[in-house]
Structures are given as C-alpha cells and as structure tokens.
Amino acid sequence: PLQNTTTELWALLTFLDPDLFPSLPAFLEEFGTLTDAAQVERLNTRIRPYLLRRQKNDVEKSLTPLEETIVWVEMTLFQKRTYRAILEGERELLVGGVTGAALPSLVNLQMELRKCCNHPYLIKGV
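What you see is a predicted model; the values in this text were computed from it and never measured.

Peer 1: I'm lost on the packing of helix H5 (residues 77-88) against helix H7 (residues 109-118) in this one. Help?
Peer 2: Packed helices, taken two at a time, are described by the angle between their axes plus the distance between the axes. Where H5 contacts H7, the two axes come as close as 9 Å, and the packing angle between them is 170°. Considered as vectors, H5 and H7 are oriented roughly antiparallel to each other. Here H5 contributes Gln 79, Thr 82, Tyr 83, Ile 86 and Leu 87 to the contact with H7, which in turn contributes Leu 109, Glu 112, Leu 113, Cys 116, Cys 117 and Asn 118.

In structure tokens:
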C-alpha cells in the first residue's frame, strides 16, 4: 500500500509503464507535493488507465442479498455475576477476594460489559 508519497506512486507507475513514467525527478517536478487541484486532476488523468475499481454487485448479478440471523443466547450464571459486578463496580468480586491482584480496569464500561458477554475471562483479574 502507498504511504501517501508521490515517490512510492512513481515506483508503482514506472513498474507498470516505464515509458510513460521514466524518471523520478521529472515526476516529482510535475506532481511533487500535489498541493494544487490542477496537479491532482492531471495526475488522475494520467493514471486513470491503470486504475481498476469494480464492485461486487456490478460484476456478479446472481448474488442473493445478505441475510443476517441473530441468535439470542442466555448468559451463564458466571457471566451474569461478572456483568452485575462490573455494573455495580464491585472490584472485590471481580478479583475473587485476592488482595494485591491486578484489578480490572473499568474505565470503559461498555467494552468491559461486552467482554463479559463474549468471554468473561478476558477481563483482567477474573
């Protein structure tokens, strides 16, 4: 992938067509920093034959529409206890009464609750 430099763009273009893009200094002199809208438009005009943009629905007409099925599953008892402890901020329950243990960070409550639903052991200290 390009790292937003015209030098890398030239390297790819000279690989594709060395006759049209022969030297880096000439390319940088013409397009250099791409600060002007006219420069960008000229560059787009020159590289348009090398760009390919296709979307799946334009190419494959027989694709059926995406169907999403949501399956609701009840949380386990351990997940429910951990979820409640996170909501109520009961750090003692989360670390199991062990002192000096790494306390879970409850800064981002939404992410912690999500981890609890997906897999409660992802929470540090549980």
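The rest of the description comes next.
Peer 1: What is the right way to look at the pattern of salt bridges in this model?
Peer 2: Where side chains of opposite charge bring their charged atoms close, a pairing between them can arise. This structure, assessed with the given rule, holds four salt bridges. Between Glu 74 and Lys 80 there is a salt bridge, with the nearest N and O atoms lying 2.6 Å from each other. The shortest N-O distance in the salt bridge between Lys 115 and Glu 112 comes to 3.2 Å. Remark: Glu 112 and Lys 115 occur in helix H7; sequence separation between them is three residues, near one turn of the helix. When its relative accessible area of 25% is taken as the criterion, Lys 115 is described as partly exposed. Under the relative-accessibility criterion, Glu 112 is labelled buried at 9%. Three or more residues joined by partner-sharing salt bridges are found here, namely Glu 30, Arg 42 and Arg 46.

Peer 1: I'm lost on the environment of Thr 33 in this one. Help?
Peer 2: Take Thr 33: it is sitting in the loop between helix H2 (24-31) and helix H3 (37-47). For Thr 33, a relative accessible area of 63% translates into the label exposed. Along the backbone, Thr 33 and Thr 5 are 28 residues apart, and their C-alpha atoms lie at a distance of 8.2 Å.

Peer 1: Sorry if this is basic, but what is going on with the packing of H2 against H3 here?
Peer 2: Close contact between H2 and H3 brings their axes to 9 Å; oriented N to C, the two are set at 130°. The orientation of H2 with respect to H3, classified from their angle, is oblique. From H2, Phe 27, Glu 30 and Phe 31 reach across to H3, where they touch Gln 39, Arg 42, Leu 43 and Arg 46. Grouping the amino acids of the contact of H2 with H3 by side-chain chemistry returns three nonpolar, one polar and three charged.

Peer 1: How do you make sense of helix H1 (residues 6-16) when you look at a structure like this?
Peer 2: Helical periodicity: at 3.6 residues per turn, an α-helix aligns residues three or four positions apart in one direction. Restricting attention to buried positions, one finds in H1 the residues Thr 6, Leu 9, Trp 10, Leu 13 and Thr 14. The arc enclosing the buried residues of H1, seen along the axis, measures out at 130°, which places them on a common side. The inward-facing, buried residues of H1 abut H2 and H3.

Peer 1: Help me understand H5, please; the structure alone is not making it clear to me.
Peer 2: Between its first and last C-alpha atoms H5 spans 16 Å; for twelve residues at 1.5 Å apiece the expected length is 16 Å, and the two agree. When we look at burial in H5, the residues that qualify are Gln 79, Thr 82, Ala 85 and Ile 86. Seen from one end, H5 has its buried residues packed into an arc of 130°, which puts them on one side. Those residues of H5 that are exposed and aimed more than 90 degrees away from the buried face are Leu 77 and Arg 84.

Peer 1: How do you make sense of a nonpolar patch on the surface when you look at a structure like this?
Peer 2: A grouping of Phe 15, Leu 16, Leu 20 and Tyr 50 is seen on the molecular surface, where their side chains present a nonpolar patch of about 420 Å² in accessible area. Take Leu 20: it is sitting in the loop between H1 and H2. With a relative accessible area of 38%, Leu 20 lands in the partly exposed category.

Definitions and cut-offs
Numbering of residues begins from 1 in every chain and follows the order in which that chain's sequence is written. In view of the model being predicted, local features appear only for residues whose pLDDT reaches at least 70, and side-chain atom pairs are presented and counted only at 80 or more, with totals across whole chains, interfaces and linings using the full set of residues. Processing note: side-chain calculations cover all non-hydrogen atoms of the structure and skip hydrogens and water entirely. In this description, a line fitted to the C-alpha atoms serves as the axis of each element, helices being fitted only across the stretch in contact, and the angle between N-to-C directions of two axes falls anywhere from 0 to 180 degrees. The numbering of helices and of strands both runs from the N terminus, where a helix is a DSSP run of H or I of at least 4 residues and a strand a run of E of at least 2. Orientation categories follow fixed angle ranges, with anything under 35 degrees roughly parallel, anything over 145 roughly antiparallel, 65 to 115 roughly perpendicular, and all other angles oblique. By the convention used here, residues are in contact when the closest approach between their heavy atoms is within 4.5 Å. One speaks of a salt bridge when a side-chain nitrogen belonging to Lys or Arg is within 4 Å of a carboxyl oxygen belonging to Asp or Glu. Three exposure classes are used, based on accessible area relative to the maximum for each residue type with a 1.4 Å probe and protein chains only: buried under 20%, partly exposed in between, and exposed over 50%. Throughout this entry, Asp, Glu, Lys and Arg are counted as charged residues, while Ala, Val, Leu, Ile, Met, Phe, Trp, Tyr, Cys and Pro are counted as nonpolar. The remaining residues, Gly among them, count as polar. Starting at the helix axis, one direction is taken to each C-beta atom, and the arc is that of these directions. The span one expects for a helix is its residue count, reduced by one, times 1.5 Å. Distance thresholds for patches are 9 Å for like charges and 5 Å for nonpolar side chains (Val, Leu, Ile, Met, Phe, Trp, Tyr), applied to residues having over 30% relative accessible area and no salt bridge. All accessible-area figures derive from a Shrake-Rupley calculation using a 1.4 Å probe, and residue coverage is judged against the displayed protein chains alone.

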